[in-house]
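Observations on the three-dimensional arrangement
Residue-level listing of the chains:
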Amino acid sequence: MKGHRASNTSLGVIPSAFPQRPWQQALCHTSHIHAARWMGTLRDHPAGVACQCDWIIVSSGNRKLKWGGEGCMYMKSNRRPQVIYVGTRIVDKFTGLVDHLPNKVVIVTGMNDETFPINVDPRYDTSEDGQQRRLREFYTIVNNSNVVHWFIENLSLNHPKVSPLPIGFLHYVDTIQYPHPSPDELYAKLRNASLPVWSSRPVQVLSIDKVRDGRGVWRDRQIAFDLCQKSVFCVTTHSLLQQQKQEQQQLGGTLNHDHFMFSLLQVQFTVMVHVGGLDPCPKLFEALLLGSIPIIEHSPLSWMYELPHFPVAVVSNIPAFLHSNNTQASLALLAQWTKELSPYFLEDTLRQEVLSHLSSDYWWGVIRSKYNA
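Residues numbered from 1 in each chain as written. Predicted model: local features only at pLDDT ≥ 70, side-chain atom pairs only at ≥ 80, totals over all residues. Heavy atoms only, no water.

This brings us to the confidence of the model for the chain. On average, residues of the chain carry a pLDDT of 88, and 89% of them reach 70 or more. A low-confidence stretch, residues 62-68 stays under pLDDT 50, and its non-local contacts, those more than four residues away or across chains, total 15 contacts. Predicted confidence is poor over residues 247-252, with pLDDT under 50, and the contacts of this stretch with residues over four places away or in other chains come to five contacts. (pLDDT = per-residue confidence, 0-100. Contact = heavy atoms within 4.5 Å.)

Moving on: helix H11 (residues 327-341). The end-to-end C-alpha separation of H11 is 20 Å, in line with the 21 Å expected for 15 residues at 1.5 Å each. Among the structural elements, strand S10 (205-207), strand S12 (269-271), strand S13 (293-297), strand S14 (313-315), helix H10 (318-322) and helix H12 (343-346) are those in contact with the buried residues of H11. (Helix = DSSP H or I, 4+ residues; strand = E, 2+ residues; numbered from the N terminus. Expected span 1.5 Å × (residues − 1).)

Note on strand geometry: in a regular strand, side chains alternate between the two faces of the sheet. Along strand S7 (residues 147-152), five of the six residues are buried, which leaves the element largely enclosed by surrounding structure. Sheet topology note: the strand S6 (residues 105-109)/S7 ladder contains five bridges and is parallel. In the strand pairing of S7, Val108 is matched with Phe151. Following the backbone out of S6, through helix H3 (residues 128-142) and into the adjacent parallel S7, one traces a crossover that is right-handed. (Buried < 20%, exposed > 50% of the residue type's maximum accessible area, 1.4 Å probe, protein only. Pairing = 2+ DSSP bridges. Right-handed = clockwise from strand over helix to strand, strands pointing away.)

Burial analysis of S6 places five of its five residues in the buried class, which makes it a mostly covered element. Residues Val105, Ile107 and Thr109 of S6 are buried on one face, and the alternating residues Val106 and Val108, pointing to the opposite face, are buried as well. Here strand S5 (residues 83-86) pairs with S6 via three bridges, running parallel. Residue pairing across strands places Tyr85 opposite Val108, the latter belonging to S6.

For the rest of this paragraph, the subject is the side chain of Thr270. Tracing the sequence through the fold places Thr270 in strand S12. Polar contacts involving the side chain of Thr270 include one to the side chain of Ser292, which spans 2.7 Å. In this structure Thr270 touches Leu206, Ile208, Leu264, Ser292, Ile293, Pro294 and Ile295, once residues within four positions along its chain are discounted. (Polar contact = N/O pair within 3.5 Å; in protein donor to acceptor, adjacent residues only side chain to side chain.)

A separate point is the sheet that holds S5. Within a beta sheet, neighbouring strands are joined by backbone hydrogen bonds and run either parallel or antiparallel to one another. Pairing in this open sheet of seven strands is mixed, and the strands run S1-S4-S3-S5-S6-S7-S8 from one edge to the other. The open sheet is flanked by strand S1 (20-21) and strand S8 (162-164), the only strands paired with a single partner. In the packing of H3 onto the sheet, the strands contacted are S6, S7 and S8, and the crossing angle to S7 comes to about 140°. (Axes fitted to C-alpha atoms, helices over the stretch in contact; angles between N-to-C directions.)

Attention now goes to the nonpolar core. One broad rule of soluble globular proteins: the nonpolar side chains tend to lie buried together. Judged by nonpolar contacts, the single largest core of 82 residues is most densely connected at Tyr85, Ile295 and Phe321. With five residues, the top contributor of residues to this core is helix H9 (residues 284-289). Beyond its immediate chain neighbours, meaning those up to four positions away, Tyr85 contacts Ala36, Trp38, Val49, Ala50, Cys53, Trp55, Ile56, Ile57, Val58, Val108, Gly110 and Met111. One finds Val91, Ile141, Val147 and Leu155 within the second-largest nonpolar core, a separate group that totals 28 residues. (Core = buried A, V, L, I, M, F, W, Y, C linked by side-chain atoms within 4.5 Å.)

Evaluation of the coordinates by the stated rule reveals two disulfides. Here Cys28 is linked by a disulfide to Cys51, with a sulfur-sulfur distance of 1.6 Å. On the S-S bond that ties Cys28 to Cys51, the torsion sits near -115°, and the link is left-handed. Of this pair, Cys28 sits in the loop between S1 and strand S2 (35-39) while Cys51 is found in the loop between S2 and strand S3 (55-59), placing the two residues 23 residues apart along the sequence. Like Cys51, Cys28 is buried. Among the cysteines of the chain that take part in disulfides, numbered as they appear in the sequence, the pairing is 1-2, 3-4. Cysteine Cys53 shares no disulfide, and the gap to the nearest cysteine sulfur, in Cys51, comes to 8.7 Å. (Disulfide = S-S within 2.5 Å.)

And the structure:
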């Protein structure tokens with residue numbers, strides 16, 4: 001199938017290439033808050049932004065899907081699609097079918113930390129052959145005249161027809177094995193938190209990312225954490241909790257979500273370092289809800305987190321920002337961001353704008369605007 005070319009198009013060619021799964025709206029997990037992924041072991045139906053697309057093509061990969069195989073497809077109707085969701089792991093198979101697109105479409109791709117088209121996550125194929133293969137797949141799709149625009153989670157290459165898509169919150173579909181609140185339950189919990197006035201918080205930067213063993217994909221987070229401990233303006237969750245006279249033994253070495261919330265409420269800024277993928281952290285939405293300005297590192301996807309979308313600060317290099325040799329320059333940046341971004345946490349109209357931009361309706365509007373352009 002790969003590399004197949006055709007001069008004519010047909011509505012049935014692409015669906016016939018994938019096992020069909022029945023579309024059941026009642027099983028589609030949707031939410032008010034934007035969510036690009038669904039997680040868990042029994043992911044038998046789409047969730048989040050995929051539910052709003054006309055066709056959903058996803059790969060089973062190593063997941064325990066009931067039907068097995070390389071992938072499957074959901075069709076909300078037999079009409080010609082306008083927006084197609086294509087999982088990152090099934091892009092290679094979709095590439096061989098892109099010439100059969102029956103009309104103009106917008107494509108949405110996600111569901112994986114693997115960055116695309118150039119992969120920087122060492123947990124996946126980073127060989128030269130792998131990189132060249134993904135680039136061929138990328139340009140085959142993006143250069144197709146029927147592809148109006150392409151939204152990609154963990155985007156790693158700039159292109160005028162392509163935009164990054166934030167991860168947002170996560171849908172944990174199998175809640176029995178992975179107890180986790182739904183995106184809207186988590187959103188409600190964060191929205192109902194008692195927020196101290198932003199200007200009353202100390203001008204501090206929080207380092208809150210998990211570092212685990214500090215090796216491999218966690219190395220960049222470990223570096224940031226170590227630099228934070230030497231910085232005059234950076235604090236860690238453990239240090240904040242100790243300031244509140246909570247014993248280290250009580251933490252047991254593990255920070256829970258309440259510790260995370262508590263910490264974000266104490267500071268004006270929070271550094272967020274990527275793990276394997278380029279997206280800084282799914283908790284970025286949570287930081288915005290709790291009134292702490294995220295500081296992320298520049299990448300091909302970072303502009304999607306900046307204004308006019310979100311009040312997020314971007315630096316060229318987080319370790320350099322935290323390094324003690326650059327303290328004065330970093331303090332100057334914090335002062336600049338306070339002037340530019342604090343109104344989005346202090347003024348009600350701008351605050352409501354931030355909250356609306358966290359919604360699934362907002363990001364679906366961004367996607368649809370490309371189709372209607």
